[in-house]
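# Working through the structure, step by step
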Amino acid sequence: MDFPSDRLDGRCVVVTGAGSGIGFATGLLAAGRGASVVAADLDADGLAELAAAAAEAFPASLEVTTVRCDVADAGSVGELFAAVAGTGTPLRGLANCAGITGDQPFDELSPEHWQHVLGVNLTGSYLVARAAVRAMDQDGGSIVLVGSGTTNTPAAGLAHYIASKAGVIGLARALAKELGGRGIRVNTVSPGPVDTPLLRARMSDEVVAERSRTALLGRLGRPQDVALMIGFLLSDQSSWITGQTINVNGGTAMT
Ligand SMILES: NC(=O)c1ccc[n+]([C@@H]2O[C@H](COP(=O)([O-])OP(=O)(O)OC[C@H]3O[C@@H](n4cnc5c(N)ncnc54)[C@H](O)[C@@H]3O)[C@@H](O)[C@H]2O)c1
């Protein structure tokens, strides 16, 4: 009996939102496991930090390729995947971690803000996943989209965000059905509260302290907690897992 490895050697893996938080941790983890990582974000400084962190932590690994990209823009996503082709390594993984939020009471939610959040979170997932599927051709791969625990336990002021993330979960399930025959697995990781700039923009220090105190495991998530699940789903260790929504939340949905 053999057990597949968590290594990603010989594979190109695209990580979006790689300039911060969960995407940053995922990019670092994939680089450490031997992938040829193409890291994408709007934030060029964050990408430079990731490339430097990977070079320092894993000097023997391949260099991280960085591409400034807006996942909500089809042309920009096209440029990202031109860079993927340029690596010369077959694309076998996508982790779409780019995402935005922003509290807005529903009766004040403007069509522009609605479209912006849907555009990045949902249309971005579609654009990046479609480009990845085209690049994976007939040899298969693993696509990981990022949902949110708020689809299970909604919070006020996040209707646009929660609607976008519910769409992401539906998209992943539909793609798993359509693409399984081509060896492409598609799953969603739904994080609970993870201590990143996205969360800090919504929660004061006091709220973070209270949420940590009442959490089952006594703390919020760290980006690495989610990256480890994404890494598992990108690897052959999860070769019989597709169409699933995996909650990584330290049990917060139970409290
Ligand atoms: N932090 C949490 O508590 C939490 C909980 C549930 C879900 N999530 C989801 O996890 C994902 C990562 O969030 P995070 O907490 O690491 O946030 P983060 O803000 O630390 O990182 C998100 C990254 O996405 C990038 N980005 C934003 N818009 C982009 C665009 N149009 N194109 C390319 N890049 C873009 C940002 O520049 C940033 O570097 C998001 O999809 C978020 O919705 C986070």
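Up top is the structure.
Residues numbered from 1 in each chain as written. Predicted model: local features only at pLDDT ≥ 70, side-chain atom pairs only at ≥ 80, totals over all residues.

## Considering the sheet that holds strand E4 (residues 91-96)
What counts here: When DSSP finds at least two bridges between two strands, those strands are taken to pair. Here a helix means four or more residues in a row that DSSP labels H or I, a strand means two or more in a row labelled E, and each is numbered from the N terminus. To define axes, lines are fitted to C-alpha atoms, for helices over the stretch in contact only, and angles between the resulting N-to-C directions are given on a 0 to 180 degree scale.
A sheet is described by the order of its strands in space; here seven strands give the open sequence E3-E2-E1-E4-E5-E6-E7, paired in parallel fashion. Two strands close off the open sheet at either side, each with one partner strand: strand E3 (65-68) and strand E7 (245-248). If you compare each strand with its neighbour and ignore which way they point, the axes differ by 20° on average. Strand direction decides the pairing type here: strand E2 (residues 36-41) and E3, joined by four bridges, are parallel. Bridge pairing links Asp41 to Arg68 in E3.

## Some points on the environment of Asp6
Applied cut-off: It is the C-beta atoms, placed from the backbone, that decide contacts: two residues are in contact if theirs lie within 7 Å.
Mapped onto the secondary structure, Asp6 falls in the segment before strand E1 (12-16). Considered as a pair, Asp6 and Asp236 are 230 residues apart in the sequence and their alpha carbons are 6.7 Å apart. Look past the residues within four positions of Asp6 in its chain and what remains in contact with it is Arg33, Gly231, Phe232, Ser235 and Gln237.

## A look at the site of the ligand
Selection criterion: Think of it this way: take the backbone, place a C-beta atom on it, and check whether that atom is within 6 Å of the molecule or strand, in which case the residue is near it. Residues are grouped as follows: nonpolar covers Ala, Val, Leu, Ile, Met, Phe, Trp, Tyr, Cys and Pro; charged covers Asp, Glu, Lys and Arg; every other residue, Gly included, is treated as polar.
Around the ligand sit 32 residues, and of these Gly17, Gly21, Gly99, Thr196 and Leu198 come closest. Of the residues contributing to the shell around the ligand, the split by class is 16 nonpolar, 13 polar and three charged.

## Looking at the packing of helix H1 (residues 21-32) against helix H2 (residues 44-57)
Keep this limit in mind: Whether a crossing is left-handed or right-handed is set by the direction in which the near helix is turned from the far one by less than a right angle, anticlockwise for left-handed and clockwise for right-handed.
At a closest axis distance of 10 Å, the pairing of H1 and H2 adopts a crossing angle of 30°. Two packed elements cross with a definite hand, and for H1 against H2 that hand is right-handed. Contacts between H1 and H2 involve Phe24, Gly27, Leu28, Ala31 and Gly32 from the first element and Gly46, Leu50, Ala53, Ala54 and Ala57 from the second. Within the contact of H1 with H2, the residues separate by chemical class into seven nonpolar, three polar and no charged.

## Brief notes about the pairing of E4
Here is the rule we go by: The exposure scheme places C-beta atoms from the backbone and then counts, for each residue, the other C-beta atoms within 10 Å of its own, assigning buried at 20 or more, exposed at 12 or fewer, and partly exposed in between. Orienting the strands away from the viewer, one traces the path from the first strand over the helix to the second; a clockwise path indicates a right-handed crossover.
Here E4 lies mainly inside the structure; six of its six residues are buried. By the bridge criterion, five bridges tie E1 to E4 in an arrangement that is parallel. Directly across from Val13, in E4, lies its bridge partner Gly93. Note that E4 and strand E5 (residues 141-146) share four bridges and pair parallel. Across the sheet, the residue bridging to Leu94 is Ile143, located in E5. The handedness of the E4 to E5 crossover, carried by helix H4 (residues 111-136), is right-handed.

Shape is all these values report; function is a separate question.
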